[in-house]
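# Coordinates in review
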Amino acid sequence: MSILRRKSVEQSIRDTEQPEHRLRKDLSGLDLTVFGIGVIIGTGIFVLTGVAANQTAGPAVALSFVVAGIACALRVHRAGRRQRLHL
């Protein structure tokens, strides 16, 4: 499997029109509640990070995000390789 493969827009539309690949178009009260809580927590994380960067750490916070992003990318890459080996 290549990461550079491409799919045409027409093929993507055909794939989503199949009944087994359709998404539900309704949200329950629980779905909306969980979504709202996630938005509040996510906003809080970004606001606190910005405040910390402004008041104490400066550019070190941005650098830590870059390092964390690289670590996550390496982890995903390793998990993908491990998954392919077990197929």
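Figured I'd write up the structure that's included with this text. (Residues numbered from 1 in each chain as written. Predicted model: local features only at pLDDT ≥ 70, side-chain atom pairs only at ≥ 80, totals over all residues. Heavy atoms only, no water.)

### Structural notes on the overall build of the protein
Regarding its fold elements, the protein presents three helices and zero strands. Starting at the N terminus, the α and β elements of the protein follow one another as α-α-α. For the protein, the computed accessible surface area is about 8,200 Å², with 67% contributed by carbon and sulfur atoms. (Helix = DSSP H or I, 4+ residues; strand = E, 2+ residues; numbered from the N terminus. Areas by Shrake-Rupley, 256 points an atom, 1.4 Å probe, with all protein chains shown as cover.)

### Quick word on helix α2 (residues 29-57)
Compared with an ideal rise of 1.5 Å per residue, which puts 29 residues at 42 Å, α2 spans 40 Å between its outermost C-alpha atoms and is within 8% of the ideal. Of the residues one or two after α2, glycine 58 is the one with positive phi, at around 70 degrees. (Expected span 1.5 Å × (residues − 1).)

### Some points on a nonpolar patch on the surface
Together, Leu63, Val66, Val67, Ile70 and Leu74 give the surface a local cluster of nonpolar side chains, amounting to about 490 Å² of exposed area. Structurally, valine 67 is set in helix α3 (residues 59-85). (Patch = residues over 30% accessible without salt bridge, like charges linked within 9 Å, V, L, I, M, F, W, Y side chains within 5 Å. Salt bridge = Lys/Arg side-chain N within 4 Å of Asp/Glu carboxyl O.)

### Regarding the environment of alanine 53
Structurally, alanine 53 is set in helix α2. If we ignore the near neighbours within four places in the chain, the residues touching alanine 53 are Gly58 and Val61. (Contact = heavy atoms within 4.5 Å.)

Function-wise, these values are silent; they only describe arrangement.
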